[in-house]
Amino acid sequence: MMGDVRAAQVPGVPTLVEGPQLRPGAEATWSPIDSIWLITTAERTRTARLKRLVAGEDAARLRVEALVERDQLIGARLRAAALDAGSAVVEVPTDVDWDCVLAAVREAVNTATASFGRLRPGRELSSRRRHENAVVYRQIVAHERHIGATLPAFPYACVCGRSGCTDTTPATSAEFEACA
Ligand SMILES: [Zn+2]
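The shown structure was predicted, so the numbers you read here are calculated from the model rather than taken from an experiment. (Residues numbered from 1 in each chain as written. Predicted model: local features only at pLDDT ≥ 70, side-chain atom pairs only at ≥ 80, totals over all residues. Heavy atoms only, no water.)

A.B. asks: I'd like a description of the packing of aromatic side chains, backed by residues and values.
C.D. replies: For any two aromatic rings, the description comes down to two numbers: the centre-to-centre distance and the angle of the planes. Across all of its chains, the model carries three aromatic pairs by this definition. Ring geometry for phenylalanine 154 and tyrosine 156: centres 5.1 Å apart, planes at 70°, overall edge-to-face. Taking relative accessible area as the criterion, phenylalanine 154 reaches 30% and is therefore assigned partly exposed. Here tyrosine 156 and phenylalanine 176 contribute two aromatic rings whose centre-to-centre distance is 4.2 Å and whose plane-to-plane angle is 25°, an arrangement assigned as stacked. (Phe/Tyr/Trp six-rings, centres within 6.5 Å; stacked < 30°, edge-to-face > 60°. Buried < 20%, exposed > 50% of the residue type's maximum accessible area, 1.4 Å probe, protein only.)

As structure tokens, this is what we get:
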């Protein structure tokens, strides 16, 4: 994951890295800016894990409870470590209002990045979006290989390079590969 960030080669511009592989302890070795931790409930984790199972995974279904227990333990450790480090923690309740989560994350990101430069519209922004799309594509393909199934289309970011553009193009892995 950090290899992907370094490969983007945009020094001086903050990079927003997201993923369950990150930990407050490890973050200190590569992120001098800030971090924000989203932590959810057992009920939410259980629902997400059950939804992610593909048909025929009966053995995996039996493991879900053990995994949920592990998730809760990891969540509690993350919360403690993040608070220890003075980082923001956003609780994601079972009946989440994503607008509230978005507002909390946006505020934390804006505060952390206020003093930094931004990518310039045009080639710089466009090439960063391409890089991000390629990283997402690689992760999706790896996950598809792992579960032995094809995932639904992912909304890849528009690469027009216009500042503030939030357009996306949904594509399956096969479709993305065909256009790359
Ligand atoms: Zn665009």
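So that's the structure; there's more coming.
A.B. asks: Residues and numbers for the coordination of the zinc ion, please.
C.D. replies: Every protein donor of the zinc ion is listed here as Cys158 (SG), Cys160 (SG) and Cys165 (SG), and their distances to the metal cover 2.2 Å. The motif formed by the donor residues of the zinc ion, counted along the single chain, is C-x1-C-x4-C. (Donors = N, O, S within 2.8 Å, 3.2 Å for Na, K, Ca; no water.)

A.B. asks: Summarise the domain arrangement of the protein; cite the residues concerned and give the values.
C.D. replies: Along its sequence, the protein is organised into domain 1 (8–117) and domain 2 (119–180). Summarising the inter-unit geometry, the C-alpha centres of domain 1 and domain 2 are found 21 Å apart. (Domains from an automatic or database assignment.)

A.B. asks: Which residues make up helix H5 (residues 98–113), and what are the values?
C.D. replies: Taking 1.5 Å of rise per residue, the 16 residues of H5 would be expected to cover 22 Å, and the 22 Å separating its terminal C-alpha atoms lies within 8% of that figure. Between the side-chain oxygen at the start of H5 and the backbone nitrogen of aspartate 99 there is a gap of 3.0 Å, and the oxygen is on aspartate 97. (Helix = DSSP H or I, 4+ residues; strand = E, 2+ residues; numbered from the N terminus. Expected span 1.5 Å × (residues − 1). Polar contact = N/O pair within 3.5 Å; in protein donor to acceptor, adjacent residues only side chain to side chain.)

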